Amino acid sequence: MAEGTKERILRIALELFAQNGYLGTSMNDIARQVGFTKAALYKHYASKQEILDKIVERMNKMDYERAETYEMPETEPDDFAEAYLHTPVQKIRTYSLAQFDHWTKEPFSSNFRKMLTLEQYRDPKLAQLHHDYLAGGPLEHMAAIFCKLVDSDEDAMQLALEFYGPMYLLYSVYDDAEQKESVSSLLATYIDRFIFKVESDYRLSF
């Protein structure tokens, strides 16, 4: 299906945000890159903020669709641990690797990540998005999953950090790697070792 005008604007705007930062990109820059006059661009989006809002909306939709595709539990945070205890570990492994591919290989998501990385120390709203999507949010999510395996919230957070920390690091490693598939393989090996360690230490298949 052909890319619609609004979708094309979002894609090109996000490419600019990833290269120059959200703050460093103007509506003029976007219009010029799209091949529009500024007036024509405003017929589709009233402001740069509206473009960003639509990008975030698209990211949320992609997150939901990905979780549905990989059959991840849909539940409230308080029920994460119980739900994931009944989710086959290989399914969690596959989903975790898909998450990495999402943030590295999928152009829209990868550019979103790069934009947030650029702006996390310059803009409070984008810093919050970085937290929610790439830093504290995923860490807290994993801690909620692991809390049924350990005796305290602190231990659950330590497990979450052990699991997610290398993945977060490997996003940047992937960006600069000449052989990018080797980075994905490195993550897959790490996840397998982590799963083995957790199953051995807790004698559970989480």
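Quick caveat: nothing in here was measured; it's all calculated off a predicted structure.

Observations concerning the overall build of the protein chain
Next, step 1: If you tally the helices and strands in the protein chain, you get 11 helices and zero strands.
Next, step 2: Reading the protein chain from its N end, one meets helices and strands in the order α-α-α-α-α-α-α-α-α-α-α.
Next, step 3: In the protein chain, which comprises 206 residues, the share counted as buried stands at 43%.
Next, step 4: For the protein chain, long-range pairs separated by at least 24 residues make up 63% of all intrachain contacts whose partners lie at least 6 apart in sequence.
Next, step 5: With the model as given, the accessible surface of the protein chain reaches about 11,500 Å², and the carbon-plus-sulfur share is 51%.

Quick word on helix α10 (residues 153–176)
Next, step 1: Counted at 1.5 Å a residue, the expected span for α10 with its 24 residues is 34 Å, and the 35 Å between its end C-alpha atoms agrees.
Next, step 2: Where α10 bends most, at Y164, the angle is about 30°, and the proline P166 comes one to four residues later.

Here's the deal with the packing of aromatic side chains
Next, step 1: Considering all chains together, one arrives at 13 aromatic pairs under this definition.
Next, step 2: Considering the side-chain rings of F146 and F194, the 5.8 Å spacing of their centres and the 50° angle between planes classify their relative orientation as tilted. Taken together, the residues span a long stretch of sequence, with F146 in helix α9 (residues 136–146) and F194 in helix α11 (residues 180–202) at a distance of 48 residues. Summarising the burial analysis for this pair, F146 and F194 share the class buried.
Next, step 3: One aromatic cluster is present, formed by F100, Y164, Y168, Y171 and Y174 through successive ring pairs.
Next, step 4: Geometry around Y174 places K180 over its ring, the cationic atom sitting 4.9 Å from the centre.

A short note on the packing of helix α6 (residues 89–104) against helix α7 (residues 107–119)
Next, step 1: At a minimum axis separation of 5 Å, α6 and α7 run at an interaxial angle of 75°. Here α7 runs roughly perpendicular to α6, going by the angle between their axes. On α7, the residues that touch H102, W103 and T104 of α6 are S109, S110, F112 and R113.
Next, step 2: For the contact of α6 with α7, a count of residues per class yields two nonpolar, four polar and one charged.

Looking at helix α1 (residues 5–20)
Next, step 1: For α1, with 16 residues, the first-to-last C-alpha span of 22 Å sits near the 22 Å given by 1.5 Å per residue.
Next, step 2: For α1, every residue scored as buried is listed here: I9, L10, I12, A13, L14, L16, F17 and A18.
Next, step 3: Check the buried side of α1 and you find it contacts α2 (27–34), α3 (38–42), α4 (48–69) and α7.
Next, step 4: Just past α1, the residue G21 takes up positive phi, approximately 90°.

As for the nonpolar core
Next, step 1: Among the nonpolar cores identified, the biggest contains 56 residues, and F17, I30, I51, F112, M115, Y133 and F146 are the most heavily contacted of them.
Next, step 2: Considering each element in turn, this core owes the most residues, nine residues, to α10.
Next, step 3: Once you skip the residues sitting within four places of it in the chain, F112 turns out to touch L14, I55, V56, M59, W103 and Y133.

Points about the pattern of salt bridges
Next, step 1: Under the counting rule described, the total for this entry stands at 10 salt bridges.
Next, step 2: Across the pair K54 and E57 runs a salt bridge, and its minimum N-O distance is 3.7 Å. Residue K54 and its partner E57 are located together in helix α4, separated by three residues, close to a single helical turn.
Next, step 3: Owing to a relative accessible area of 33%, K54 belongs among the partly exposed residues under this scheme.

Re the side chain of S184
Next, step 1: Of note, S184 is situated in helix α11.
Next, step 2: Excluding residues within four positions of it along the chain, S184 makes contact with F100, D101, K105 and Y174.

Some words on the packing of α9 against α10
Next, step 1: Their axes nearest at 8 Å, the elements α9 and α10 cross at an angle of 125°. Regarding the angle of α9 to α10, the classification is oblique. Here α9 and α10 pass one another in a crossing that is right-handed. Between α9 and α10, the residues in contact are P138, L139, E140, M142, A143 and F146 and A156, M157, L159, A160, L161, F163 and Y164, respectively.
Next, step 2: Classifying every residue of the contact of α9 with α10 by side-chain character gives 12 nonpolar, no polar and one charged.

Criteria and cut-off values
- Residues numbered from 1 in each chain as written.
- Predicted model: local features only at pLDDT ≥ 70, side-chain atom pairs only at ≥ 80, totals over all residues.
- Heavy atoms only, no water.
- Helix = DSSP H or I, 4+ residues; strand = E, 2+ residues; numbered from the N terminus.
- Buried < 20%, exposed > 50% of the residue type's maximum accessible area, 1.4 Å probe, protein only.
- Contact = heavy atoms within 4.5 Å.
- Areas by Shrake-Rupley, 256 points an atom, 1.4 Å probe, with all protein chains shown as cover.
- Expected span 1.5 Å × (residues − 1).
- Bend = angle between axes of the 7 residues up to and from the residue.
- Phe/Tyr/Trp six-rings, centres within 6.5 Å; stacked < 30°, edge-to-face > 60°.
- Lys NZ or Arg CZ within 6 Å of the ring centre and 35° of its normal.
- Axes fitted to C-alpha atoms, helices over the stretch in contact; angles between N-to-C directions.
- Parallel < 35°, antiparallel > 145°, perpendicular 65-115°, else oblique.
- Nonpolar A, V, L, I, M, F, W, Y, C, P; charged D, E, K, R; others polar.
- Core = buried A, V, L, I, M, F, W, Y, C linked by side-chain atoms within 4.5 Å.
- Salt bridge = Lys/Arg side-chain N within 4 Å of Asp/Glu carboxyl O.
- Left-handed = near helix turned anticlockwise from the far one by under 90°.

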